[in-house]
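Given next are the chains, with one letter for each unit.
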Amino acid sequence: MILPSFLVIIGFACLIFGANWLVDGASALAKKYKVSDLAIGLTIVAFGTSAPEMVVNLIGSAKGYSDIVFGNIIGSNNFNLFIILGLSGLIYPISVQSSTAWKEIPISLFVACILLFFVNDFIFAGVGTLSRIDGLILLALFFLFLYYVFLQMKNDSTLKTEVVEKSNLKIWGLVIIGLAGLIVGGQLVVTNSVNIASELGVSEKIIGLTIVAAGTSLPELLTSVVAALKKNSDIAIGNVIGSNVFNVLLILSLSGIIRPIDYNPNFNTDLFILIGGTVFLFAAMLTGKRKKLDRWEAGLLFAFYLIYTVVLVLKEL
């Protein structure tokens, strides 16, 4: 039990450092070949915070650990929405742009609803699968979302991506070490999470929703909390909403394309919580101080999910 837990922590460290090194190397390489700030921000930097979830899911999908695959994504999205956004809003009330309030939050709600219907095969009969066709549809929606983000970023003339000049040796060193860190970290997290579940006698679903989801969401947690401390609301909320859309449309789609994933209907409760939390966030934009997540609203998000997670774990033990 001690060794698998230690290896999971090492795995998370490899994932986070690997993602950072890969982003640094890839950004420097892109800059060297005169790729625009817009393209770097849209692709490489956006991929960076989602890389831990992606690697864990691709490995989990290839090995047939369906509860780890769904638990990681649904758990990460709930962790992002309730814990990260709740904590950020408690630090400093979050004001949002009109586009976030009226477009991005509804898009994330739509994505969660689409996922709910896809995995239940539209009939809620107690069995479901994320098929390759479902994966391809989600991937097509991802490219549409990417195009929408591209238009939004194109209109932002202030956008700049800071990239420090590096030698070719350093660039390729960062890319190779970063990729190696992601692969090794992903293997360590998936394999040892399953071992911990076996030793504790709890389901892979619980491990996926809690340990794996929280661990792979650490980049988003650090980004949003630092943004809240600096009173940068756009980054705090944009990071969470963008990550939730990326997780479903890109990561789950690729997981389903690699191998159709059997869906455990017990995850429906967590998906309904995700949908309810997103509706609450949208309603918060309309009540009180418009287009603002007040501290009491952020506190409700944070407290609710903390209590729900404790109850979920206690029921399993």
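Refer to the structure presented above.
Residues numbered from 1 in each chain as written. Predicted model: local features only at pLDDT ≥ 70, side-chain atom pairs only at ≥ 80, totals over all residues. Heavy atoms only, no water.

A look at the overall build of the protein chain
Under the convention used in this document: To qualify as a helix, a DSSP run of H or I must reach at least 4 residues; to qualify as a strand, a run of E must reach at least 2; elements of each kind are numbered from the N terminus. Classification of residues uses two cut-offs on accessible area relative to the type maximum, computed with a 1.4 Å probe and protein chains only: under 20% is buried, over 50% is exposed, and between them is partly exposed. Residues count as neighbours in contact if any of their non-hydrogen atoms are within 4.5 Å of one another.
Regarding its fold elements, the protein chain presents eleven helices and four strands. In the protein chain, buried positions account for 53% of the 317 residues. Across the protein chain, contacts joining residues at least 24 apart in sequence account for 84% of those joining residues at least 6 apart.

Quick word on a nonpolar patch on the surface
Defined as follows: Residues qualify for a patch when their relative accessible area is over 30% and they have no salt bridge, like charges being joined within 9 Å and the nonpolar side chains of Val, Leu, Ile, Met, Phe, Trp and Tyr within 5 Å. Areas reported as accessible are Shrake-Rupley estimates using a 1.4 Å probe. Residue values count occlusion only from the protein chains shown. Put simply, a salt bridge is a Lys or Arg side-chain nitrogen that is within 4 Å of an Asp or Glu carboxyl oxygen.
Taken together, the side chains of Leu3, Phe6 and Ile10 make up a nonpolar region of the molecular surface, amounting to roughly 290 Å² of accessible area. Checked against the element boundaries, Phe6 lands in helix H1 (residues 2-32). A relative accessible area of 48% places Phe6 in the partly exposed class.

Things to note about the nonpolar core
Under the convention used in this document: Only buried residues count toward a nonpolar core. Its members are Ala, Val, Leu, Ile, Met, Phe, Trp, Tyr and Cys residues joined through side-chain atoms within 4.5 Å.
Of all hydrophobic cores here, the largest spans 61 residues; its most connected members are Phe70, Leu85, Leu130, Leu249, Leu271, Leu281 and Leu293. Those residues in contact with Leu130 that sit more than four places away from it in its chain are Phe70, Phe118, Val119, Leu138, Leu252, Gly256, Pro260 and Ile261. In this structure, Leu182, Val190, Val194 and Val202 belong to the second largest nonpolar core, which totals 20 residues.

Describing the pattern of salt bridges
If you walk through the whole model with that rule in mind, you get one salt bridge. A salt bridge links Lys205 to Asp270; its shortest N-O distance comes to 3.9 Å. Pair noted here: Lys205 is in helix H7 (residues 204-216) and Asp270 is in helix H10 (residues 268-286), with a separation of 65 residues, a long-range link. Side by side, Lys205 and Asp270 carry an identical accessibility label, which is buried.

Let's talk about the side chain of Asn80
What counts, and what does not: Side-chain atoms alone can form a polar contact between residues adjacent in sequence; in general such a contact is a pair of N or O atoms within 3.5 Å, and within protein one must be able to donate a hydrogen while the other accepts it.
The topology assignment puts Asn80 in helix H3 (residues 66-91). Of note is the side chain of Asn80, whose polar atom sits 3.5 Å from the side chain of Ser217. Not counting residues up to four positions away in its chain, the partners in contact with Asn80 are Leu85, Ser217, Glu220, Val240, Ser243, Asn244 and Asn247.

Quick word on helix H9 (residues 233-258)
Put simply, the rule is: Expected helix span is taken as 1.5 Å per residue step, with the number of steps being one fewer than the number of residues. By definition, a residue's bend is the angle between the axes fitted to the seven residues ending there and the seven starting there.
Its 26 residues place the ends of H9 36 Å apart at the C-alpha level, agreeing with the 38 Å of an ideal helix rising 1.5 Å per residue. Along its length, H9 shows its largest kink, about 35 degrees, at Asn247. When you tally the buried positions in H9, you get 20 out of 26 residues, the bulk of the element.

Notes on the side chain of Asn192
Here Asn192 shows up in helix H6 (residues 168-200). In terms of polar contacts, Asn192 uses its side chain to reach the backbone carbonyl oxygen of Leu188, at 2.8 Å. The residues contacting Asn192, other than those within four sequence positions of it, are Pro4, Leu7 and Val8.

Details of H10
Because each turn of an α-helix spans 3.6 residues, side chains separated by three or four positions in sequence point in the same direction. Between its terminal C-alpha atoms H10 stretches 27 Å, which fits the 27 Å expected from 19 residues at 1.5 Å a residue. Those residues of H10 that sit buried are Asn268, Asp270, Leu271, Ile273, Leu274, Ile275, Gly277, Thr278, Leu281, Ala284 and Met285.

Here's the deal with the environment of Glu204
On the secondary structure map, Glu204 appears in helix H7. Look at Glu204 and you get partly exposed, because its relative accessible area is 24%. Considered as a pair, Glu204 and Tyr65 are 139 residues apart in the sequence and their alpha carbons are 8.1 Å apart.

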